[in-house]
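# Summary of structural features
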Amino acid sequence: MEKKEIIEKFKLSENDTGSVQVQLALLTARINHLNEHLKTHQKDNHSRRGLLQMVGKRKGFLLYLKERDIEAYRKLIKELGIRDVK
């Protein structure tokens, strides 16, 4: 249910499920969930590796969006509560 809500909030058109904004929002939700998991399971290195891969993928999407549409980028990082990428 949570995934559908995120898609509804960030979609650009009626059938949009794959735009950069939607992908970033879904990745951020997964990253936040894994972050909570790792707070209680500190030695779960397998999940930690997956988390680092997702963070890297999100950074790539953010850089892409920053190059293409700076206003959408600024709006998205404000809504998701994430830091600006360099």
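The following paragraphs examine the structure supplied in this document. These numbers come from a predicted model, not from an experiment. (Residues numbered from 1 in each chain as written. Predicted model: local features only at pLDDT ≥ 70, side-chain atom pairs only at ≥ 80, totals over all residues. Heavy atoms only, no water.)

## Section: the overall build of the protein chain
A tally of regular secondary structure across the protein chain gives four helices and zero strands. Each helix (α) and strand (β) of the protein chain, taken in turn from the N terminus, gives the series α-α-α-α. Taken along its principal axes, the extent of the C-alpha atoms in the protein chain is 40 × 35 × 20 Å. Expressed as a percentage of the 86 residues in the protein chain, the buried residues total 35%. Counted over contacts in the protein chain with a minimum sequence separation of 6, partners at least 24 positions apart contribute 42%. Looking at the protein chain as shown, the accessible area adds up to about 6,500 Å², and 51% of this sits on carbon and sulfur atoms. Treating the 19 positive side-chain charges of the protein chain as one cloud and the 12 negative ones as another, the clouds have centres 7 Å apart. (Helix = DSSP H or I, 4+ residues; strand = E, 2+ residues; numbered from the N terminus. Buried < 20%, exposed > 50% of the residue type's maximum accessible area, 1.4 Å probe, protein only. Contact = heavy atoms within 4.5 Å. Areas by Shrake-Rupley, 256 points an atom, 1.4 Å probe, with all protein chains shown as cover. Lys, Arg positive; Asp, Glu negative; His and termini not counted. Charge placed at Lys NZ, Arg CZ, Asp CG, Glu CD.)

Any functional reading would require information beyond the geometric quantities listed.
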